[in-house]
There are 2 protein chains.
Amino acid sequence: MCELLGMSASVPTDICFSFAGLSQRGGQTGPHKDGWGIAFYDGKGCRTFHDPAASAGSPIADFLRSHSIKSEIVISHIRKANRGRVALENTHPFLREMWGQNWVFAHNGQLRGIKKLPLGAYLPIGGTDSEYAFCWLLGKLRERWARPPSDRMLHAMIEKLALQISTHGVFNMLMSNSQSLYCFRATNLVWLTRRTPFGAATLVDEDLTVDFTKQTSPTDIVTIIATRPLTSDESWSTTPKSTLVVFRDGELRTAA
Amino acid sequence: MCELLGMSASVPTDICFSFAGLSQRGGQTGPHKDGWGIAFYDGKGCRTFHDPAASAGSPIADFLRSHSIKSEIVISHIRKANRGRVALENTHPFLREMWGQNWVFAHNGQLRGIKKLPLGAYLPIGGTDSEYAFCWLLGKLRERWARPPSDRMLHAMIEKLALQISTHGVFNMLMSNSQSLYCFRATNLVWLTRRTPFGAATLVDEDLTVDFTKQTSPTDIVTIIATRPLTSDESWSTTPKSTLVVFRDGELRTAA
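Residues numbered from 1 in each chain as written. Chains lettered and ligands numbered in written order. Predicted model: local features only at pLDDT ≥ 70, side-chain atom pairs only at ≥ 80, totals over all residues.

### Here's the deal with the overall build of chain A
- If you tally the helices and strands in chain A, you get 4 helices and 15 strands.
- Against the 2.2 N^0.38 benchmark of 18 Å for 256 residues, chain A shows a C-alpha radius of gyration of 17 Å, consistent with a compact globule.
- For the C-alpha atoms alone, the extent of chain A along its principal axes is close to 50 × 40 × 30 Å. (Helix = DSSP H or I, 4+ residues; strand = E, 2+ residues; numbered from the N terminus. Rg over C-alpha atoms; globule rule 2.2 N^0.38 Å.)

### Describing the interface of chain A and chain B
- Taken together, the contact pairs 25 residues of chain A with 25 residues of chain B.
- Elements with a contribution of two residues or more to the side of chain A that touches chain B: strand E3 (45–51), helix H2 (59–66), strand E5 (94–98) and strand E6 (101–108) of chain A.
- Counting residues per element, the side of chain A that touches chain B draws most heavily on E3(A), at 4 residues. (Contact = placed C-beta atoms within 7 Å.)

### Side note on the sheet that holds strand E14 (residues 244–248) of chain B
Residue and element names in this part refer to chain B.
- Ordered by their spatial adjacency, 6 strands build an open sheet running E5-E6-E7-E8-E14-E15, and the pairing between neighbours is antiparallel. Across the chains shown, the open sheet's two edge strands, defined by having one partner strand only, are strand E5 (94–98) and strand E15 (251–253). Recorded for the sheet is a direction-independent mean angle of 25° between the axes of neighbouring strands.
- Examined bridge by bridge, E5 and strand E6 (residues 101–108) share 5 bridges and lie antiparallel to one another. Directly across from Met98, in E6, lies its bridge partner Gln101.
- This element, helix H3 (residues 129–144), spans E5 and E6 of the sheet and lies at about 15° to E5.
- Taken strand by strand, helix H4 (residues 151–166) contacts strand E7 (172–176), strand E8 (181–184) and E14, and its axis lies near 135° from that of E14. (Pairing = 2+ DSSP bridges. Axes fitted to C-alpha atoms, helices over the stretch in contact; angles between N-to-C directions.)

### Things to note about H3(B)
- For H3(B), with 16 residues, the first-to-last C-alpha span of 23 Å sits near the 22 Å given by 1.5 Å per residue.
- Burial runs high along H3(B): 13 of the 16 residues are buried. (Expected span 1.5 Å × (residues − 1). Buried ≥ 20, exposed ≤ 12 C-beta atoms within 10 Å, placed from the backbone.)

### Here we look at the pairing of strand E1 (residues 3–14) of chain B
Residue and element names in this part refer to chain B.
- Relative to strand E4 (residues 70–78), E1 runs antiparallel, the two sharing 8 bridges. Along E4, the bridge assignment pairs Glu3 with Ile78.
- Relative to strand E12 (residues 222–226), E1 runs antiparallel, the two sharing 5 bridges. Following the sheet pairing, Gly6 is matched in E12 by Ile225.

### Side note on the relation of the copies chain A and chain B
- The two copies are related by a screw motion: chain A maps onto chain B through a turn of 180° and a shift of 0.0 Å along the axis, at an RMSD of 0.0 Å. Both copies of the chain, as the preceding transformation shows, are related through a two-fold rotation axis.
- Comparing interface residues between copies, 100% of those in chain A also lie at the interface in chain B; the contact surface is shared. (Least-squares fit on C-alpha atoms with pLDDT ≥ 70 in both.)

### Comments concerning the sheet that holds E6(A)
All names here are of chain A.
- Spatial strand order, E5-E6-E7-E8-E14-E15: 6 strands in an open sheet with antiparallel pairing. Both outer strands of the open sheet, E5 and strand E15 (251–253), are each paired with one neighbouring strand and no more. With strand direction ignored, the average angle separating the axes of adjacent strands in the sheet is 25°.
- With 5 bridges joining them, E6 and strand E7 (residues 172–176) adopt antiparallel strand pairing. In the strand pairing of E7, Phe105 is matched with Met175.

### Section: helix H4 (residues 151–166) of chain A
Residues and elements named next belong to chain A.
- The end-to-end C-alpha distance of H4 is 22 Å, a good match for the 22 Å that 16 residues give at a rise of 1.5 Å each.
- Within H4, burial applies to Leu154, His155, Ile158, Leu161, Ala162, Ile165 and Ser166. Projected down its long axis, H4 shows its buried positions confined to an angular sector of 145°, all on one face. Exposed residues on H4 whose side chains face more than 90 degrees from its buried face are Arg152 and Lys160.
- For H4, the elements touching its buried residues are helix H3 (129–144), E7, strand E8 (181–184) and strand E14 (244–248). (Arc of directions from axis to C-beta.)

### Concerning the pairing of strand E2 (residues 36–42) of chain B
All names here are of chain B.
- Where burial is concerned, most of E2 is hidden: 7 out of the 7 residues are buried.
- Burial along E2 is two-sided: Trp36, Ile38, Phe40 and Asp42 and Gly37, Ala39 and Tyr41, pointing in opposite directions, are all buried.
- Bridging between E2 and strand E3 (residues 45–51) involves 7 bridges; their strand directions are antiparallel. The residue of E3 that forms the bridge with Gly37 is His50.
- Hairpin connection between E2 and E3: a loop of 2 residues separates the two successive antiparallel strands, and Gly43 in this loop has a positive phi of roughly 65°.
- In the sheet, E2 pairs with E4 via 5 bridges, with the strands oriented antiparallel. Across the sheet, Ile38 pairs through a bridge with Ser76, a residue of E4.

### Focus: the environment of A:Ala61
- Looking at the secondary structure, you find A:Ala61 in helix H2.
- According to the C-beta neighbour criterion, A:Ala61 is buried, with 24 such atoms within 10 Å.

### Focus on unusual backbone geometry
Residue and element names in this part refer to chain A.
- Note the cis peptide between His92 and Pro93, where omega equals -10°.
- For Pro93, the position within the fold is in the loop between strand E4 (70–78) and E5.
- Residue Pro197 is reached from Thr196 by a cis peptide bond, and omega for that bond is -5°.
- Tracing the chain through its elements places Pro197 in the loop between strand E9 (190–194) and strand E10 (200–202).

### Some details on the packing of H3(B) against H4(B)
Residue and element names in this part refer to chain B.
- At a minimum axis distance of 11 Å, the contact between H3 and H4 shows a crossing angle of 145°. Every pair of crossing elements has a handedness; the one defined by H3 and H4 is right-handed. Contacts between H3 and H4 involve Ala133, Leu137, Lys140, Leu141 and Arg144 from the first element and Met157, Leu161 and Ile165 from the second.
- Grouping the constituent residues of the contact of H3 with H4 by class yields 6 nonpolar, no polar and 2 charged. (Left-handed = near helix turned anticlockwise from the far one by under 90°. Nonpolar A, V, L, I, M, F, W, Y, C, P; charged D, E, K, R; others polar.)

Pasting the structure below:
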């Protein structure tokens, strides 16, 4: 199994604290030693960092833990290889351009027989079932619409496709198009929204407490979503099973 | 104008030395302060780093100058904005998947009227003429072939498309599909190949000399290509004008 971390925020926000916790699971407090990656949106642009080595001890992960990269949407993944060898091209999150937007995808779980589904406009570069599922999903969206449809139609279609992928196994997924954070839970996905009055929080995986009142302004709204709670002293909610959940600007939106 | 740097090598090679020189032109010894980016291939995978800030003084550029990332193909770009505002999505190199391969592209020059060309399967995310030209070029390749053709056919077609783009302005270009490094010169593109017996070289832009005999093994072959010579004590050749030049495993290949 792998670990997922996502963020949706109303203002560009530093995810160092949450990433510090997640990245310790990569070979330190967890068994997820087969690579990690993270995507930070900056408007329509997107920065990605990938490393097929364990995140605990990775120089790039150290760099990210110590340098603030502020972003409104973040998707991160640390990997325990199930399918596909340990290699850069098999390291989440995966990235494709569709409709002139950067689409980013990360997956937790195993999918059986997914590679029998016929692909459309997108082909995988690596050998993972996850990248294959992403390519199939985007291909279906693009086959249906040459340009972005309404949110309502798009959300309904993503949920339908995610349900279809779920018939192949465990499909916990985070995806974004640079505007919305799309989340789909098969087994593990929890979230919380931090907003005023901000308090303090302590990481489960590292002896680190952050007082958010010192790092935020009163209007900030920041949602964190992960496969397991990252902090021990906050209240995490489980997302509804087999339902597309959409966050935008840190707020929960009605999905399909 | 911008600066380009490319590398093709027979074994994974550290480009720190050349990047140290190039990155100084980003706001220090040169006027190219509007962002920079670099792509390192690792097999079929590709790491990219982009920063809309100047490379001289960029924490990520500092990290790359001090940490060895070995790669067989590298494409880097530092930007002086002409078209498209200073933003992450306008920062080269640009990346797309085609035929299950990572295609990376960087361009130096200005192109007028390029946005009147009809696009195919690829749409730009940002507003630069460069990304538009890349999308048009890939769209044309993909319209012609659903899977990779022979090298001979592919090279001839890329040259033909590059010549067509050149009618819109200055088109110095570096591009790769993870196997070959494609180079096209309108005005500025020089190259050299380092191989045994290796000597020492001194950067034009920084007081730094490297003795390659200490960093290489006798069978290594490393080609560096750039818009201007990076070293003062090596012999740089200009690539033929308006001709596709292809490097693979550090060696010059017959192009079209």
